[in-house]
Amino acid sequence: MESHVIQIRTEFIKLQDLLKFAGAVETGGDAKLIIQEGRVTVNGETCTMRGKKLRPGDRAAIDGELELVVQ
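In this report, the structure presented in the accompanying data block is examined. (Residues numbered from 1 in each chain as written. Predicted model: local features only at pLDDT ≥ 70, side-chain atom pairs only at ≥ 80, totals over all residues. Heavy atoms only, no water.)

Comments concerning the pattern of salt bridges
- The full count for this structure, using the stated rule, is five salt bridges.
- Where Arg 39 meets Asp 63, a salt bridge forms, and the shortest distance between an N and an O atom there is 2.7 Å. Taken together, the positions of Arg 39 in the loop between α2 (28-36) and β3 (40-42) and Asp 63 in the loop between β6 (59-62) and β7 (66-70) put the pair 24 residues apart, joining distant regions of the chain.
- In this structure, a network of salt bridges that share partners links the residues Glu 37, Arg 39 and Asp 63. (Salt bridge = Lys/Arg side-chain N within 4 Å of Asp/Glu carboxyl O. Helix = DSSP H or I, 4+ residues; strand = E, 2+ residues; numbered from the N terminus.)

Rendered as structure tokens:
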């Protein structure tokens, strides 16, 4: 699994914004689609909430192939 560390300067970042910021998706619409399809996990559990707040230490993965680690 490919892993990327994403630095944030705020208290949290929303899941859909993380996917866009990391370049994992091109648009918010793409992010919405893959999240609603259940292709994204947060800390090992499937997440269908695109507004899910991720804080430093959280991990999001897409299809088990790309992992984004929030710092």
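So, the sheet that holds β6
- Strand order across the open sheet formed by five strands is β1-β7-β6-β3-β4, with mixed pairing between neighbours. Each having just a single partner strand, β1 (2-6) and β4 (45-46) make up the two edges of the open sheet.
- Bridge analysis of β6 against β7 gives four bridges, and the strand direction is antiparallel. By the bridge assignment, Ile 62 is partnered in β7 with Leu 66. (Pairing = 2+ DSSP bridges.)

Observations concerning the nonpolar core
- In this structure, Leu 15, Leu 18, Leu 19, Val 40 and Leu 54 are the most contacted members of the largest nonpolar core, which totals 19 residues.
- Looking at this core, the elements with two or more residues in it are α1 (15-21), α2, β3, β6 and β7.
- Other than its neighbours up to four places away in sequence, Leu 54 contacts Ile 8, Glu 11, Phe 12, Ile 13, Leu 15, Leu 18, Val 42, Ala 60 and Val 70. (Core = buried A, V, L, I, M, F, W, Y, C linked by side-chain atoms within 4.5 Å. Buried < 20%, exposed > 50% of the residue type's maximum accessible area, 1.4 Å probe, protein only. Contact = heavy atoms within 4.5 Å.)

Coordinates in, geometry out; function isn't part of it.
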